[in-house]
Amino acid sequence: MAQALAGLVAGGAYALIAVCLVLMYQMLGVLNFAQSALGGLAACTSLFALNKLHWGPWPATMLAVVCGALLSGLVGLVMARFFLETSVVTRSTVTIAFLVGVTAIGNHVLNGATYTFPNALSGSSVSLFGTGVPIGSLVEAGGAIVLAVLVTLLLKRTHLGAQLRAMSERPTTAQLLGIRVRRLTVLVWAFAGAVSTVAVMFVLPTSTTSFPPLAYLTMFALGAALLGLLQNMIVAAVGGIAIGMLESIILPSALGRYDQAVPFVIIIVVMIWWRRRDAWSEAR
Amino acid sequence: MPGLRRVSTPSLLALLAVVVVGGLVGMSLSQYWMYVAAVGAAQAVFGLSIGLVYGQARMLSLCQVSLGAVGAWTVADLSQAGGSLPLPWSLFVGAALTVPLGLICALPALRLRNINLAIVTLGIVVAVYTVAQAGQVPGSNPTVFVAPPSNRVLFLMCWLSFAVLGALTIVLRRTKWGLSWLAIARSERAAASAGVSVTLAKVTAFAVAAALAGWAGGLLVATFGSADPANFDPVQVLTLFALAVMMGAGYWEGALALGIFNAFSAALLSQFGLSPDIGTMVFAVGAIGVLGAESGGFSGDVRRLLRRLQRRLGRGPRPLPEPVLRAAPASATDRAARAAANGAPVALQVTGLTVRYGAVVALADVSLQVHKGEVLGLVGPNGAGKSTLIDAATGFLASYEGSVAVDGRPVDGLPAHRRARMVRRTFQTERTIGELTPREYVRLAAARGASAQEIDEILDFVGCPPTAQTLNRIDVRVRRLIMIAACLAGRPSAVLIDEPAAGLTTEESEDLAARIADIPARFGSGVLLIEHDMELVRQACSSVVVLDFGRVIAHGPTAQVLANPVVQAAYLGDELLAAHAESASEQALIASEEREAAAAALTTKAVSDGR
């Protein structure tokens, strides 16, 4: 159990990012491969604030989250301006290019040096099943589920949710109905950017100071997002936490060397089962 | 084995020129730059692999470079100090051993497409990287060292590899395999209806691309001296993918540009003390630009430029002359009627066909016969089940009740591409392959052993003059006719034509009617024609079946059926209802009740007529 609970940090991050992935796929028709890379780049600003400006961990974290929203919003602006009418494939391929570019910037910024990361929730822990669990990871994992529930409710119950759903179905028709599609697109991107920055901030203190692992968080979160068939955020959040715990359990075993392969076995199995009837590429 | 049809000489000559000039330039470079060029040529081979799967077959596979890991590990294991096989030869083994992994990747691609395939192949990318880092597979440990040849030999090895494999991709483009990759990229349904096995197309694309990737992976070991896991780092793999998008790696010059740009930009940047990350940022922006402009990348630009140059010099393919419209059919209808009356054999027999989509019954116990030598019209309002009937007959539905037989043989168990040997269809939407000329397109769909002359004759029959223009430069009306030509080239017993006249003028529609009416006499097949243009149906069809709500409500000689007031009510029902929608909902109700009653009466009549 202690081993499983140690996976909460990574699992919570997967969960948060998975919720963002599902939100963006559902609302904007884009699978954002650059999700955690964007969050990771924004998180790097906290290093600057902490190490150069000597800010406290909380303000440094806040700065990173704001930067995450701005950076991701900027990408959203590009997407809304140039890729609103393109296919899901094209839009998602664009995010692969963003992933590559943002990772290059991230590598450049971190450049292999060692940094201290802000850890706003460090120090305190609670006892669960006889082991000390850091409060941070509980807040993170719980937060992911709460976020999934709240966003699901927001989409189902509010006017904004209705507008977003209309936009996801038919962007052009929604535009004709007076919905400000571009503004909403940027808004969703900015929101997802802020959440992924938070996710990355949670993992940073436990990860190495190199950028690519931050970018790869998205790939692990994809496994979780797929458990919810890219539709259900709550399943995605719970799935993310489960994947993190599973990885942590496998780690000390003989398969430990390949622990990172776990989400991908899940991905491949779920995808093929989900699409097993799709014999043809188009409806008719 | 794919049958070699025609080799694209200009492309091969251009490749040869670039290889000779590039080879001479490469050999005159300093040792350092010669090494960089070797790395670039090796990566260009990865470009060919990505270009084949993503550029030609349009499958969004992100794992092509990762597949190369198998080639890399094999070469490292076989050719390490004291290994069993020296370098150039181990490349062959590496490429061959990569093929099985490529085939494993092809399996998910049979059901997963687009973004879903991207997700799964990205999973494979990370899985391969995990294995590479673990270093447990023979040859995967970076400490396994392969003594690299001299830079000159290395450059020649990589450069000639690109030359030979690039030429191979050019030649493959014109084979059945290559054409089938283009076909599934355009539309899987259209490919299957042209007799192309979608499964085989995907499997061959992945197998060939895997061999290319395996070879490239082996070359990387030759250049770096070991299988460095960093080569298969997901970001590295995705960077090459982004570059492939930017350069348009579907064509050899795009693949070459990918390798050369990647290797030389990194080397140049490091010469100036700058990080190679800057180059990667440029690639990312470039890829986004290419996706936004839909320009096809570097190779797309090169080819556009060449076309423009050709036109400037007056050497380009001439624009298609206006097709000559035929006069209205004279005796076609009579001929067809005679054929049917003479008791011609049945080409297509549909018996008791029932199709359900969930609770909706799209077709309910439909039976009909298309005789050889006749054109049978299939009419009915939108949603009556006409296209569903074609889908079922040609093998595009997962399941149906009842049976379909061609020439008296049941075809129910056969997949779509196998049925296409006997029964062929066209689609309502135009689905020809833009990159091909009409001849190439018809040849792809043609039955085995069709001669060039035969293909030209079929094109002439539908009214497409000989041309070297590709289909994307030909107007949509002619393309739809060429779709029918492709259908006929398969020499099927039954031809099912789905709404060919949409958007035609009256004269064009008359011309089309004459050509369709001539099909049975000319090709000996039976024709089932779905059409809303009643004038065309009147001119081309000897008899007509009317469908409404998935049931046959009338069947008989064209004039008689079309004059039937019940048929008119059923057929025009939707439009009448729409026209009077705001004012007369009551009338509509009455009309639909009348229609149902009449339909019931007519079905009874049809059954009692012994249809």
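All values reported here derive from a predicted model rather than from experimental measurement. (Residues numbered from 1 in each chain as written. Chains lettered and ligands numbered in written order. Predicted model: local features only at pLDDT ≥ 70, side-chain atom pairs only at ≥ 80, totals over all residues.)

1. Some details on the overall build of chain B
The condition that has to hold: Secondary structure elements are taken from DSSP: a helix is a run of H or I of four residues or more, a strand is a run of E of two residues or more, and numbering for both begins at the N terminus. We call a residue exposed when 12 or fewer other C-beta atoms sit within 10 Å of its C-beta, buried when the count reaches 20 or more, and partly exposed for counts in between; the C-beta positions come from the backbone. Once C-beta atoms have been placed from the backbone, residue pairs whose C-beta atoms lie within 7 Å are recorded as contacts.
The helix and strand tally for chain B stands at 24 helices and 10 strands. Looking at chain B residue by residue over its 611 residues, the buried ones come to 54%. In chain B, the share of contacts with a sequence separation of at least 24, taken over all contacts with a separation of at least 6, comes to 77%.

2. Quick look at the overall build of chain A
Just so we agree on the cut-off: All radius of gyration figures rest on C-alpha atoms, and the globule criterion is 2.2 Å times the number of residues raised to 0.38.
Counting its secondary structure elements, chain A contains 12 helices and two strands. For chain A, the α and β elements follow one another from N to C terminus as α-α-α-α-α-β-β-α-α-α-α-α-α-α. Taken against the 2.2 N^0.38 rule, which gives 19 Å for 284 residues, the C-alpha radius of gyration of chain A at 19 Å falls within 12% of a compact globule. Its C-alpha atoms give chain A principal-axis dimensions of about 55 × 45 × 35 Å.

3. Looking at the domain arrangement of chain B
How big an interface is tends to be expressed through the accessible area that disappears when the partners come together. Residues and elements named next belong to chain B. Condition: As annotated, the domain borders come from an automatic or database domain assignment. When residues are sorted by character, Ala, Val, Leu, Ile, Met, Phe, Trp, Tyr, Cys and Pro go into the nonpolar class, Asp, Glu, Lys and Arg into the charged class, and all the rest, Gly among them, into the polar class.
When cut into domains, chain B gives domain 1 (9–230) and domain 2 (336–422 + 492–608). The interface is formed by seven residues belonging to domain 1 together with six residues belonging to domain 2. The class makeup of the residues in the side of domain 1 that touches domain 2 is three nonpolar, three polar and one charged.

4. So, the interface of chain A and chain B
Contact with chain A, which involves 44 residues of that partner, is made by 42 residues of chain B. Elements represented by at least two residues in the side of chain A that touches chain B include exactly helix 5 (88–110), helix 10 (212–227) and helix 12 (262–274) of chain A. No other element matches helix 5 of chain A, which puts 17 residues into the side of chain A that touches chain B.

5. Some remarks on the nonpolar core
Inclusion rule: Joining buried Ala, Val, Leu, Ile, Met, Phe, Trp, Tyr and Cys residues through C-beta atoms within 7 Å gives a set, and that set is a nonpolar core.
With 314 residues, the main nonpolar core has Ala-18 and Val-19 of chain A together with Ala-242 and Ala-485 of chain B as its most contacted residues. Looking at which element gives the most residues to this core, the answer is helix 2 (residues 8–28) of chain A, with 17 residues. Mapped onto the domain boundaries, this core takes at least three residues apiece from domain 1 (9–230) and domain 2 (336–422 + 492–608) of chain B. Ala-485 of chain B has contacts with Val-442, Ile-458, Leu-459, Val-462 and Cys-464 of chain B, leaving out every residue within four places of it along the chain.

6. Focus: the packing of helix 11 (residues 252–271) of chain B against helix 13 (residues 297–312) of chain B
Residue and element names in this part refer to chain B. Quick reminder of the rule: Angles run from 0 to 180 degrees between N-to-C directions of axes, and those axes are lines fitted to C-alpha atoms, restricted for helices to the stretch in contact. Each angle is binned into one of four classes, with values under 35 degrees roughly parallel, values over 145 roughly antiparallel, values of 65 to 115 roughly perpendicular, and all other values oblique. Crossing handedness: left-handed means the near helix sits turned counterclockwise from the far one by under a right angle, and right-handed means the same turn made clockwise.
For the pair helix 11 and helix 13, interaxial distance at closest approach is 8 Å and the crossing angle is 130 degrees. Between helix 11 and helix 13, the interaxial angle falls into the category oblique. Crossing hand, helix 11 versus helix 13: right-handed. Facing helix 11, whose interface residues are Glu-253, Gly-254 and Ala-257, helix 13 presents Gly-297, Phe-298, Ser-299 and Val-302. Grouping the amino acids of the contact of helix 11 with helix 13 by side-chain chemistry returns three nonpolar, three polar and one charged.

7. Brief notes about helix 20 (residues 506–523) of chain B
Residue and element names in this part refer to chain B. The following threshold applies: Any helix carries an expected span of 1.5 Å times its number of residues minus one. For a residue, the bend is simply the angle between two axes, fitted respectively to the seven-residue segment ending there and the seven-residue segment starting there.
Taking 1.5 Å of rise per residue, the 18 residues of helix 20 would be expected to cover 26 Å, and the 26 Å separating its terminal C-alpha atoms lies within 8% of that figure. Of all the bends in helix 20, the greatest, near 25 degrees, is centred on Ala-517, and the proline Pro-520 appears no more than four residues after it. Within the span of helix 20, buried status applies to Ser-509, Glu-510, Asp-511, Leu-512, Ala-513, Arg-515, Ile-516, Ala-517, Ile-519 and Pro-520. Just beyond helix 20, the residue with positive phi is Gly-524, at close to 75 degrees.

8. Some remarks on the environment of Gly-240 of chain A
Residues and elements named next belong to chain A. Counting through the fold element by element, Gly-240 comes out in helix 11 (residues 233–250). Along the backbone, Gly-240 and Pro-212 are 28 residues apart, and their C-alpha atoms lie at a distance of 20 Å. Those residues in contact with Gly-240 that lie beyond four places of it in its chain are Gly-11, Tyr-14, Ala-15, Ala-18, Ala-144, Ala-221 and Ala-224.

9. Description of the pairing of strand 8 (residues 526–530) of chain B
Taken residue by residue, a regular strand's side chains alternate between the two faces of the sheet. All names here are of chain B. In plain terms, the rule: If DSSP finds at least two bridges between two strands, the strands pair.
With five of five residues buried, strand 8 lies mostly within the body of the structure. Judged by which residues are buried, strand 8 turns out to be covered on both faces: Gly-526, Leu-528 and Ile-530 on one side and Val-527 and Leu-529 on the other are all buried. Note: strand 3 (residues 375–379) against strand 8, four bridges, orientation parallel. Paired with Val-375 across the bridge in strand 8 is Val-527. Examined bridge by bridge, strand 7 (residues 494–498) and strand 8 share five bridges and lie parallel to one another.

10. So, the pairing of strand 1 (residues 346–357) of chain B
Residues and elements named next belong to chain B. With eight bridges connecting them, strand 1 and strand 2 (residues 360–371) associate as antiparallel partners. Bridged to Tyr-357 within strand 2 is Val-360. Here strand 1 hands over to strand 2 after two residues, with Gly-358 in that stretch at a positive phi of 65 degrees. Across five bridges, the pairing between strand 1 and strand 4 (residues 401–406) is antiparallel. Pairing of Thr-354 across the sheet is with Glu-401, part of strand 4.

11. Some remarks on the confidence of the model for chain A
Where we set the bar: In predicted models, pLDDT denotes the confidence assigned by the predictor to each residue on a 0 to 100 scale.
For chain A, mean pLDDT is 84; residues scoring 70 or higher make up 94% of the total. Ranking the helices and strands of chain A by mean pLDDT puts helix 4 (residues 57–82) of chain A first, with 92, and strand 1 (residues 125–128) of chain A last, with 71.

12. Notes on the packing of helix 2 of chain A against helix 10 of chain A
Residue and element names in this part refer to chain A. Across the interface, helix 2 lies against helix 10 with an axial gap of 8 Å and an inter-helix angle of 70 degrees. The angle between helix 2 and helix 10 falls in the class roughly perpendicular. Of helix 10, the residues touching helix 2 (which contributes Ala-13, Tyr-14, Ala-15, Ile-17, Ala-18, Leu-21 and Val-22) are Leu-217, Thr-218, Phe-220, Ala-221, Leu-222, Ala-224 and Ala-225. A breakdown of the residues in the contact of helix 2 with helix 10 according to their chemical character gives 13 nonpolar, one polar and no charged.

13. Some thoughts on the sheet that holds strand 7 of chain B
Two pairing modes exist for strands in a sheet, parallel and antiparallel, and in both the strands are linked by backbone hydrogen bonds. All names here are of chain B. Ordered in space as 6-7-8-3-9-10, the six strands form an open sheet in which the pairing is mixed. Every interior strand has two partners, whereas the edge strands, strand 6 (423–425) and strand 10 (551–557), have only one. Here the average twist between neighbouring strands, direction ignored, is 15 degrees. In the sheet, strand 6 pairs with strand 7 via three bridges, with the strands oriented parallel. Within strand 7, the residue paired with Arg-425 across the bridge is Leu-496.

14. Overview of the sheet that holds strand 4 of chain B
In space, the four strands of this open sheet follow the order 2-1-4-5 (chain B), with antiparallel pairing throughout. Of all strands in the sheet, those with a lone pairing partner are strand 2 and strand 5 (409–410) of chain B, marking the two edges.

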